[in-house]
Amino acid sequence: MTDPASRSNFLARWWHSDVGYSFRHSPLAIVAALIALACVFCSLFAGWVAPHNPLDVSTLELGDARLPPAWIEGGSTKYLLGTDDQGRDIFSALIYGARISLVVGISSVLLSLLLGVTLGLVAGFKGGWVDAVLMRISDVMLSFPAILIALLIAGVGRAVFPNAGDTLAFGVLVLSIALTGWVQYARTVRGSTLVERGKEYVQAARVTGVPAVRIMRKHVLPNVMGPVLVLATIQVATAIITEATLSFLGVGAPPTSPSLGTLIRVGNDFLFSGEWWITIFPGLMLVLIALSVNLLGDWLRDALNPRLR
């Protein structure tokens, strides 16, 4: 386990590195990081931050349904952003919904990153028929819209496991999003691996008898991770939006654990009847998370580009 002194030294080195310098001199990146950290903090500690538990049915009061925000006539200070049709506090629902969206988004990106980087390394390093087969599979995946593939996988998963619990339902959702995102990582890593495998240090490792798996893991992988990190940061926002889209269509997060997409779908039924806050605030929360992550991805792309230093 890493001791506190090692962690502090690592943070100090990062803070004084080129990337740290770029971060300190980018107000947009700092604001985006603060927003993202605030969303992650509230999501991780939702039980303490949220004033109510929207997932506890026993605490809901139907008499408080469709209350407007506190600053509008008819609102209550008990519910800062109003309530939905079941009497759930919108502010608390946003915190719990953001937690589900972030967990699904980050988990799906990690799974697609693991799959895509592995296949990209193998395709670029081995070449030949292995490269041809993997790239043709990725071409087929790219020929279909990502949301259509995710919708198909999630729908089939719901049909095969109609009585699945929340854990299995979330697993199917993560898998459906991950299988649509691995292609970008595979193609990016393959292109970088094709360049790296012809360099002297790889040839020297081959001559000395180092196994191919060790060369890919110890020598090639660290040198191709720069573009992958940038892509993964941006893909987190894409995965969160994809999850929200699937939940809005009814095949995403289970109704018992509503995500931001589910909250938007529920509020959409009341948008034109005057209860705009039920869908507007979840939509704004989704935009805020996606925008902050995208801004961090843009900053990281520029910070890791040696031509812009």
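Residues numbered from 1 in each chain as written. Predicted model: local features only at pLDDT ≥ 70, side-chain atom pairs only at ≥ 80, totals over all residues. Heavy atoms only, no water.

Under the annotation held in an unreviewed UniProt entry, the protein carries the name ABC transporter permease and is attributed to Vandammella animalimorsus. The Sequence similarities (unreviewed entry) comment attached to the protein in UniProt states, word for word, "Belongs to the binding-protein-dependent transport system permease family." Looking at the Subcellular location (unreviewed entry) heading of the UniProt record, one finds this comment for the protein: "Cell membrane". (UniProt positions renumbered as here; feature names shortened; annotations may be inferred.)

Novice: Sorry, what's going on with the overall build of the protein here?
Specialist: A count of helical and extended segments in the protein gives twelve helices and zero strands. Each helix (α) and strand (β) of the protein, taken in turn from the N terminus, gives the series α-α-α-α-α-α-α-α-α-α-α-α. Evaluated residue by residue, the protein yields a buried proportion of 42% over its 309 residues. For the protein, restricting intrachain contacts to residue pairs at least 6 apart in sequence, the fraction spanning at least 24 positions comes to 70%. (Helix = DSSP H or I, 4+ residues; strand = E, 2+ residues; numbered from the N terminus. Buried < 20%, exposed > 50% of the residue type's maximum accessible area, 1.4 Å probe, protein only. Contact = heavy atoms within 4.5 Å.)

Novice: I'm lost on the UniProt feature "transmembrane region" (unreviewed entry) in the protein in this one. Help?
Specialist: The UniProt record marks residues 28–50, 100–125, 137–161, 167–185, 224–249 and 276–300 with the feature "transmembrane region" (unreviewed entry), using the residue numbering of this structure. Note that residues 28–50 is 91% helix and 0% strand, and that its end C-alpha atoms are spaced 28 Å apart. Secondary structure across residues 100–125 divides into 100% helix and 0% strand, with the first and last C-alpha atoms of the span separated by 37 Å.

Novice: It is not clear to me how unusual backbone geometry should be interpreted in this structure. Could you clarify?
Specialist: Leaving glycine aside, a negative phi is the common case for residues, and trans is the common case for peptide bonds. Its identity is not glycine, yet Arg 66 carries a phi of approximately 60 degrees, on the positive side. Considering the arrangement of structural elements, one finds Arg 66 in the loop between α4 (46–49) and α5 (90–126). Judged by relative accessible area, Arg 66 falls into the partly exposed class, the value being 39%.

Novice: What am I meant to see in the pattern of salt bridges here?
Specialist: Side-chain pairing between opposite charges can occur once the charged atoms of the two side chains come close. Under the counting rule described, the total for this entry stands at eight salt bridges. Close ionic contact of Asp 139 with Arg 136 constitutes a salt bridge, the shortest N to O distance being 3.0 Å. Here Asp 139 pairs with Arg 136, and both are found in helix α6 (residues 128–142), just three residues apart, close to one helical turn. Under the relative-accessibility criterion, Asp 139 is labelled partly exposed at 30%. Note on Arg 136: relative accessible area 48%, which makes it partly exposed. Across the pair Arg 187 and Asp 139 runs a salt bridge, and its minimum N-O distance is 2.9 Å. In this pair, Arg 187 sits in helix α8 (residues 166–196) while Asp 139 sits in helix α6, placing the two residues 48 residues apart along the sequence. (Salt bridge = Lys/Arg side-chain N within 4 Å of Asp/Glu carboxyl O.)

Novice: Looking at this model, I keep getting lost on the environment of Thr 233. Mind explaining?
Specialist: With respect to the helices and strands, Thr 233 occurs in helix α10 (residues 212–248). Remark: the alpha-carbon pair of Thr 233 and Arg 301, spanning 68 residues in sequence, is separated by 9.5 Å. Residues in contact with Thr 233, not counting those within four places in the same chain, are Val 293, Leu 296, Gly 297 and Leu 300.

Novice: Where do I start with the packing of aromatic side chains in this structure?
Specialist: The geometry of an aromatic ring pair is captured by the separation of the ring centres together with the interplanar angle, meaning the angle of the planes. Within the structure shown, the criterion is met by six aromatic pairs. Seen from their ring centres, Trp 276 and Trp 277 are 5.8 Å apart, and the 80 degrees between their planes marks the pair as edge-to-face. A relative accessible area of 32% means that Trp 276 is categorised as partly exposed. Through a chain of ring-to-ring contacts, three or more aromatic side chains come together here, namely Trp 71, Trp 276, Trp 277 and Phe 281. (Phe/Tyr/Trp six-rings, centres within 6.5 Å; stacked < 30°, edge-to-face > 60°.)

Novice: I keep staring at the packing of α10 against helix α12 (residues 277–303) and nothing clicks. Help me out?
Specialist: The packing of two helices is summarised by the inter-axis angle and the distance between the axes. Where α10 meets α12, the closest approach of the two axes is 8 Å, and the angle between their N-to-C directions is 165 degrees. One way to sum up the angle between α10 and α12 is to call them roughly antiparallel. Along this stretch, α10 crosses α12, giving a crossing that reads as left-handed. Where α10 approaches α12, its residues Leu 229, Val 230, Thr 233, Ile 234, Val 236, Ala 237, Ile 240, Ile 241 and Ala 244 are matched on the opposing element by Leu 286, Ile 289, Ala 290, Val 293, Asn 294, Leu 296, Gly 297, Asp 298, Leu 300 and Arg 301. (Axes fitted to C-alpha atoms, helices over the stretch in contact; angles between N-to-C directions. Parallel < 35°, antiparallel > 145°, perpendicular 65-115°, else oblique. Left-handed = near helix turned anticlockwise from the far one by under 90°.)

Novice: Help me understand the layout of surface pockets, please; the structure alone is not making it clear to me.
Specialist: One water molecule sets the probe size; rolling that probe over the atoms shows where empty space is left. The computed volume of the largest pocket comes to approximately 410 Å³. Ala 36, Leu 37, Val 40, Val 293 and Leu 296 are the residues nearest the centre of the largest pocket, which is lined by 18 residues in total. Those elements that place two or more of their residues in the lining of the largest pocket are α3 (27–44), α5, α10 and α12. Of the residues forming the lining of the largest pocket, the biggest block, six residues, is contributed by α12. (1 Å grid on protein atoms, 1.4 Å probe; cavity = no way out; pocket = protein on both sides within 12 Å on 5 of 7 lines; lining within 4 Å. Points joined across faces, edges and corners; volume = space filled by probe spheres on them.)

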